[in-house]
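Geometric and topological summary
Given next are the chains, with one letter for each unit.
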Amino acid sequence: MDKLKLTLVRSTAGRLANHKACVRGLGLRRTQSTAVVDATPENLGMVRKVAYLLKVEEA
């Protein structure tokens, strides 16, 4: 299964509550934090929703 390395590059301050929830669901806490997640359809949907806050790389 493919993995994605996600880095939060923009703050969640002032964002929609469901966007904040997606960021937390992906395992990211604060700006510049990094998480490696499986590329499942559920995770890809969350990444797509908050892509403007993230840097996405293949892990």
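Above this text is the structure in question.
Residue positions within a chain follow its written sequence, with the count starting from 1. Side-chain atom pairs in this predicted model are given and counted only at pLDDT of 80 or more, local residue features only at pLDDT of at least 70, and totals for whole chains, interfaces and linings cover all residues. The side-chain figures draw on all heavy atoms in the structure; neither hydrogens nor water molecules are used.

**Considering the sheet that holds strand β3 (residues 54-58)**
Either a parallel or an antiparallel arrangement is found when strands of a sheet pair, and the pairing is made through backbone hydrogen bonds. Going by this rule: Between any two strands, at least two bridges found by DSSP are needed for them to pair. Helix numbers and strand numbers start at the N terminus; a helix is a DSSP run of H or I with at least 4 residues, a strand a run of E with at least 2. A fitted line through C-alpha atoms serves as each axis, taken over the contacting stretch for helices, and the angle formed by two N-to-C directions is quoted from 0 to 180°.
Spatial ordering of the open sheet is given by β2-β1-β3, a layout of 3 strands whose pairing is antiparallel. The open sheet has two free edges, formed respectively by β2 (34-38) and β3, since each of these has just one partner strand. The mean angle between the axes of side-by-side strands here comes to 25 degrees, regardless of whether they run parallel or antiparallel. Where strand β1 (residues 3-8) and β3 come together, 5 bridges link them in antiparallel fashion. Considered in β3, the bridge of Thr7 is made with Lys55.

**What about the pattern of salt bridges?**
This is how it is decided: When a carboxyl oxygen of Asp or Glu lies within 4 Å of a side-chain nitrogen of Lys or Arg, that pair is called a salt bridge. The buried label applies to any residue whose accessible area, calculated with a 1.4 Å probe on protein chains only, is under 20% of its type's maximum; exposed applies above 50%, and partly exposed to all values in between.
Per the stated rule, a full pass over the model turns up 2 salt bridges. The shortest N-O distance in the salt bridge between Lys3 and Asp38 comes to 2.7 Å. Taken together, the residues span a long stretch of sequence, with Lys3 in strand β1 and Asp38 in strand β2 at a distance of 35 residues. Close ionic contact of Glu57 with Lys55 constitutes a salt bridge, the shortest N to O distance being 3.7 Å. The exposure class assigned to Glu57 is partly exposed, which follows from its relative accessible area of 33%.

**Here's the deal with unusual backbone geometry**
Here Gln32, not a glycine, exhibits a phi torsion of approximately 75 degrees, which is positive. As for its position among the elements, Gln32 is in the loop between α1 (17-25) and β2. For Gln32, a relative accessible area of 54% gives the class exposed.

**A word on the environment of Leu4**
When you line up the elements, Leu4 lands in strand β1. Each C-alpha atom, one on Leu4 and one on Glu58, is 4.7 Å from the other, the two residues being 54 residues apart in sequence.

**Some words on the environment of Leu54**
Here is the rule we go by: For this analysis, residues touch if any pair of their heavy atoms sits within 4.5 Å.
Turning to its location among the elements, Leu54 is positioned in strand β3. In this structure Leu54 comes out as buried when scored by relative accessible area, which is 9%. Setting aside its immediate chain neighbours within four residues, Leu54 contacts Thr7, Leu8, Val9, Leu26, Leu28 and Val47.

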